[in-house]
Amino acid sequence: MMELIFFTAKGDFIDGRWVQTDRSDGSFQDLSPADLSDQIMTVSFRHDHVDEACRAARRAFREWSRTSFEERKAKLLKLKELFDAHTEQMAQLIARDTGKALWDATSEAKALGNKIDITANHSMKLVAEEHIPNALPQVEGVIRYKPRGVMAVVGPFNFPAHLPNGHIVPALLTGNTIVFKPSEQTPAVGQLYAELVEKAGFPAGVFNLVQGGGESGRRLCAHEEVDGVLFTGSYEVGLKIKQETINHYWKILALEMGGKNATVVWEDADLDKAIYETLVGAYMSTGQRCSCTSRLIVHDRVADEFTERFYQAAKKLTVGHWSENPFMGPLINGAAVEKYLRFQEIANRENCESLMRGKVLDLKHKGHYVTPSIHLVKKFDPNSTYQKNEIFGPNLAIYRSSDFNETMKIVNSSGYGLVMALFSKDRALYEQALLDARVGLLNWNRTTNGASSRLPFGGMGKSGNDRPSAHFAVQYCTVPVASLEDPTPFERSRVLPGMTFEPK
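1. Overview of the state of the cysteines
Then comes step 1: Evaluated as defined, the whole model comprises zero disulfides.
Then comes step 2: You can see C221 has no disulfide; the closest cysteine sulfur is in C54, sitting 9.6 Å from it.
Then comes step 3: You can call C221 buried: its relative accessible area is 3%.
Then comes step 4: Take C292: it sits in no disulfide, and the sulfur closest to it among the cysteines is that of C290, at 8.4 Å.

Dropping the structure here:
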């Protein structure tokens, strides 16, 4: 096993300095789910640090929002250099904090700097100033985009650097200030991220970090100084954020809240490609991606061959410690393991056949390891607990169908609407799916997993609230301001009927 990078808790990063807690409202251990003897750090938190961080972000907003785009871009490019220079350190810490394989964590770490490039050089075009000649007769119209203010970023555990970064970078580039609360499952990654921001030399208060659990997150989202909440995580937590801010109707909420994603494999599909891509879609990151494939609908004519080959390939997937570069690591914690096992029982109880049972693994490194699982759905039931709920683990439900219209009913039945994938050579089917599928992303002959920062990323229904991230993130970080600019002198002929007005 490679040598672990030493890591020490530094507290919260507020107003340009690290603040330790002389007294705390609570604490928790950050243990690696891949090896419970790997105690990364102990986190103590104070709820009033949320207040301090929000006030610091508000004070910094006026000056930061008035800096030029080029000045802000220069700071972000410095941060990109630091991200690129610390890829190995960040990757190892992501692997330790999440348990995901080192190759998977390295891919995430490398994406941090790329996000800055893409946002600065591609996405900012979406909020470029636009002049409209004769918006009214002889009056020019101008559309400008202003920053919103203080943005709260609430991060998830599964991509503890990349997904918060996807909110933070566009928010900073467009002139907002940040208060970031990492997941309590992955606080070390949040701290390292803040250390790199500190080294980049942003003005005090522009970026702030507060650690804590659910109550810290609630206080942050509901804080009067916060103008927007940018969240990635579960539907249940996203719903709580919506409820906590219901009286703060002025706040922008960008909520990305998971999926129950479906892949459709039709009779003319390239089976080799479809099997491989679906293995990746279902089991990459141990099924802990909002875009993972959890439902598979296979055409009757190829279902037997596909299912058998998929099953044989799934049995050979490696599970292990991140340093061994397996395909799958552990689930994030004991509660996730319990949920995963509970849904195995629910599937069996709801008359689904267990083709490959998910079970706990006892490995050399004592962590939250489980095997992948497959269930065959004998009958589609839109009210089934198993068929409609997100498990967030390495489970795949396989359906059979030869009617594409019925297939689309299954796709749309869960209430979620993030990603669908279709494997077929028939473009007409793809175009029908584009019309029928209630999803924000639809992939053709490619799995549900993986997304481009050059495209929008967001879902429908329980998967989001129409605030797509990635390429479109700059839009929810800004307010469009319309202006009518009239350079012409006053003309008597403009006086409206019924008015008596005598110019000097």
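2. As for the environment of V169
Then comes step 1: Within the secondary structure layout, V169 lies in helix α5 (residues 162-173).
Then comes step 2: Taking the C-alpha atoms as reference points, V169 and V411, 242 residues apart in sequence, are found 33 Å from one another.
Then comes step 3: When neighbours within four sequence positions are excluded, V169 is seen to be in contact with L76, K115, I116 and T119.

3. Topic: the sheet that holds strand β14 (residues 352-356)
Then comes step 1: Taken together, seven strands build an open sheet; the order of strands is β14-β15-β16-β13-β12-β18-β19 and the sheet is mixed. Of all strands in the sheet, those bounded by a partner on one side alone are β14 and β19 (441-444). Neighbour to neighbour, the strand axes of the sheet diverge by 20 degrees on average, direction disregarded.
Then comes step 2: Direction of pairing for strand β12 (residues 261-265) relative to strand β13 (residues 293-299): parallel, over a ladder of five bridges. Residue pairing for β13: N261 is matched across the bridge by T293.
Then comes step 3: Sheet contacts for helix α13 (residues 404-411): β12, β13, β16 (395-401) and β18 (419-423); angle to β13, the most-contacted strand, approximately 170 degrees.

Parameters and conventions
Residues numbered from 1 in each chain as written. Predicted model: local features only at pLDDT ≥ 70, side-chain atom pairs only at ≥ 80, totals over all residues. Heavy atoms only, no water. Disulfide = S-S within 2.5 Å. Buried < 20%, exposed > 50% of the residue type's maximum accessible area, 1.4 Å probe, protein only. Helix = DSSP H or I, 4+ residues; strand = E, 2+ residues; numbered from the N terminus. Contact = heavy atoms within 4.5 Å. Pairing = 2+ DSSP bridges. Axes fitted to C-alpha atoms, helices over the stretch in contact; angles between N-to-C directions.

That's the geometry; what it means functionally is another story.
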